[in-house]
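# Overview (structure and organization)
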Protein chains: 2
Amino acid sequence: EDEAYFDSYAQLSIHEVMLKDRVRTQSYQDFIYKNEHLFKDKVVLDVGCGSGILSLFAAQAGARHVFAVEQADVVHWTRETVRENGFEDKITIIHGRIEDVDLPMDKVDLIVSEWMGYFLLFESMLDSVFTARDCWLKPGGAVYPDSCALWLVGIGNPAGHEAEIDFWNDVYGFRMSSLRRAAAIEGRVEMVNPTHILSQPVLVKRIDCCTDTVRDLDFVTNFSLHITRSAQLTDLCAYFEVYFEANCEHTVLLSTAPDKPPTHWKQTIFIWEQPFDVTAGEEICGSLACCKQAQDPRALAVTITLGSKQQTFLLQ
Amino acid sequence: EDEAYFDSYAQLSIHEVMLKDRVRTQSYQDFIYKNEHLFKDKVVLDVGCGSGILSLFAAQAGARHVFAVEQADVVHWTRETVRENGFEDKITIIHGRIEDVDLPMDKVDLIVSEWMGYFLLFESMLDSVFTARDCWLKPGGAVYPDSCALWLVGIGNPAGHEAEIDFWNDVYGFRMSSLRRAAAIEGRVEMVNPTHILSQPVLVKRIDCCTDTVRDLDFVTNFSLHITRSAQLTDLCAYFEVYFEANCEHTVLLSTAPDKPPTHWKQTIFIWEQPFDVTAGEEICGSLACCKQAQDPRALAVTITLGSKQQTFLLQ
């Protein structure tokens, strides 16, 4: 399981996609360069450093030392990058799982990490950040981003439902109900057209990266969805925001909302197998339960209840 | 190796992409429905049947029986599809590797398969079709598609070179030469804008699916590239065509050329680390060597020589 994960992450294309996501990378750059006081002469731990860009930002911002931990083979390139940019005395690359490595120091002043997956929690890398925090962070030290939030919004996109679900009713003249069923349980990573939104967004999870624990990442939240437009509700769309705020002179918000500039995370959509009509002004009670899958702890099962409807989706 | 491959193929999204590729699927449908004489009362073997669409087409066209072999777990869905469409007496699904399965008959009249990968040969599934042919095809029987061709064409796309290669010279203020080197050896699956073409296409490989052997799939071809436009040559673009012709009343051509309707195979591009100027009317001698990688036999190493330049690319 783990090996396949790190194998794929070692590939150039993944780091290329992340670096070329300017919304993502510039948010971290802004946070670090515009809050140099947080980094100046501090010891920093970068959890899952990948290509090393956050460590380079931190070193450039005046960190006394950066420990950059990464399990994937990309670290061989990252080591070369650190040398090439003259930071070999400031950045120490450590190849291994954060859970296993022994860092050559007692504690760090702060942790930075870009751990977010699709639907915020897919791949569960936040678990590793929590482990790093509990092992290596000084009392009073901070984790950045320091908090994040997961939002849900109602979507009316009948053409999408037709293409993704009803497609299987007539595939070149044949019916494929088994694939229709499989299609209906998949959470999908897609760009949502903001004109399809038909509710106010509702907060389904807030995470404090400095104090929450792994246990908090399996959760059930009750909510009330306020409908703003009468239409057929076909999907729910989830997106996340992360916040760089604690002790910041310049706070930074990284948003993956459908009406914000696109990111490589896009949005996550959950398509109802049976869409239903909703009316502007209506409040629909619902709940969202998120739990890791036993067979594959990087995968998530998301059960959504809305009014009298319930459906379980997999992110895998 | 093999397990990861079949695991990923078991996922719905892969079959969804292939079925929704109408150029691909309708080419097979046209070939089968417009050449019913080839299928009527015949015993057919479908190698790597996936969702079962080719087997359903063959059964619908009057095949006496279809044996559909697939190693991926998608066969559980495919079995249900076959029953749902009333073909359980006509189509036998066999879960396993074609190299290992024992078919409950002596020989088949014809083989159909959609085995093509990126750059035609990526993933080497044609090897399995050849094995099936040598084990199970009657003397005089045919394999469809019965032949295919791999083409190369010169491309001038300075903006693409800038974005893919020179990007690494200044990544948010840092130089990443190791990632630049990694970027320069990757063959890339991308849609090529046909206005960027600056040579005539040149044939680099022709495969006769009825007579060629696995040995023919590692090859070196010399060619001469005829330049049609003076510009900077930044990439070579490879694309393939497959032909349904032998004994056909209606022949079918499935093309993945950049100036044809798009397919999920897109095109494969090889970006020169150092682009160079070419002149309309010029003939540039070159060669293309393609060989399987020892560590991962689904991966390919492609070495291209053009004039005095040589570069090796990986498809992995």
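To be clear, the structure that these remarks concern was listed above.
Structural notes, computed from the coordinates.

The rules we used
Residues numbered from 1 in each chain as written. Chains lettered and ligands numbered in written order. Predicted model: local features only at pLDDT ≥ 70, side-chain atom pairs only at ≥ 80, totals over all residues. Heavy atoms only, no water. Pairing = 2+ DSSP bridges. Helix = DSSP H or I, 4+ residues; strand = E, 2+ residues; numbered from the N terminus. Axes fitted to C-alpha atoms, helices over the stretch in contact; angles between N-to-C directions. 1 Å grid on protein atoms, 1.4 Å probe; cavity = no way out; pocket = protein on both sides within 12 Å on 5 of 7 lines; lining within 4 Å. Points joined across faces, edges and corners; volume = space filled by probe spheres on them. Nonpolar A, V, L, I, M, F, W, Y, C, P; charged D, E, K, R; others polar. Least-squares fit on C-alpha atoms with pLDDT ≥ 70 in both. Contact = heavy atoms within 4.5 Å. Buried area = accessible area lost by both parts, 1.4 Å probe. Salt bridge = Lys/Arg side-chain N within 4 Å of Asp/Glu carboxyl O. Polar contact = N/O pair within 3.5 Å; in protein donor to acceptor, adjacent residues only side chain to side chain. Buried < 20%, exposed > 50% of the residue type's maximum accessible area, 1.4 Å probe, protein only. Lys, Arg positive; Asp, Glu negative; His and termini not counted. Right-handed = clockwise from strand over helix to strand, strands pointing away.

### Focus: the sheet that holds strand β5 (residues 137-144) of chain B
Residue and element names in this part refer to chain B. Strand order in the open sheet formed by five strands is β3-β2-β1-β4-β5, with parallel pairing between adjacent strands. The two strands at the open ends of the sheet, each matched to only one other strand, are β3 (91-95) and β5. Neighbour-to-neighbour, the strand axes of the sheet open up by a mean angle of 20°, direction not taken into account. Where strand β2 (residues 65-70) meets β3, five bridges bridge the pair, whose relative direction is parallel. Bridge pairing links E70 to H95 in β3.

### What about empty space enclosed by the protein?
Residues and elements named next belong to chain B. Within this structure, the stated rule accounts for one cavity of 30 Å³ or more. Approximately 40 Å³ is the volume found for the largest cavity. As for the largest cavity, its lining consists of L121, S124, D127, L217, D218, K292 and L300. Here the residues of the lining of the largest cavity sort into three nonpolar, one polar and three charged.

### Re the relation of the copies chain B and chain A
The transform that puts chain B on chain A rotates by 180° and translates by 0.0 Å along the axis, for an RMSD of 0.0 Å. Put plainly, the chains are arranged around a two-fold axis. Both copies share a contact surface, since 100% of the interface residues of chain B are interface residues in chain A too.

### Digging into the interface of chain B and chain A
Each side of the interface is counted separately: chain B has 38 residues, and chain A has 38 residues. Carbon and sulfur atoms make up 62% of the area that chain B and chain A hide from each other, which totals about 3,400 Å². The three residues of chain B that bury the most area against chain A are B:L12, B:Y172 and B:F174, which together make up 24% of that side's buried surface. With a closest N to O distance of 3.6 Å, A:E16 and B:R188 form a salt bridge. Our enumeration of links across chain B and chain A arrives at 16 residue pairs in polar contact (both at pLDDT 80 or more). Elements supplying a minimum of two residues to the side of chain B that touches chain A: α2 (12-20), α3 (22-33), α5 (53-60), α6 (75-84), α8 (158-164) and α9 (177-184) of chain B. Across the side of chain B that touches chain A, the residue classes break down as 18 nonpolar, nine polar and 11 charged.

### Digging into the side chain of A:E70
Residue and element names in this part refer to chain A. Secondary-structure assignment places E70 in strand β2 (residues 65-70). Summary of buried charges: E70 has no salt-bridge partner, and the nearest side chain of opposite charge, R24, is 8.9 Å away. Here C49 takes part through its backbone nitrogen, which lies 3.3 Å from a polar atom of the side chain of E70. Polar contacts involving the side chain of E70 include one to the main-chain amide nitrogen of G50, which spans 2.7 Å.

### Remarks on helix α5 (residues 53-60) of chain A
All names here are of chain A. Burial runs high along α5: seven of the eight residues are buried. Here α5 has its buried residues at I53, L54, S55, L56, F57, A58 and A59. A positive phi of about 105° marks G62, the residue just after α5.

### So, the pairing of strand β5 (residues 137-144) of chain A
All names here are of chain A. One ladder, built from four bridges, connects strand β4 (residues 108-112) with β5; its direction is parallel. Within β5, the residue paired with V112 across the bridge is Y144. Note on the crossover from β4 through helix α7 (residues 125-136) to β5: the handedness is right-handed.

### Let's talk about the side chain of A:S287
Residue and element names in this part refer to chain A. Among the secondary structure elements, S287 is positioned in strand β13 (residues 283-292). Note on S287: relative accessible area 15%, which makes it buried. Residues within four places of S287 in sequence aside, it is in contact with T221, N222, F223, T303, I304 and T305.

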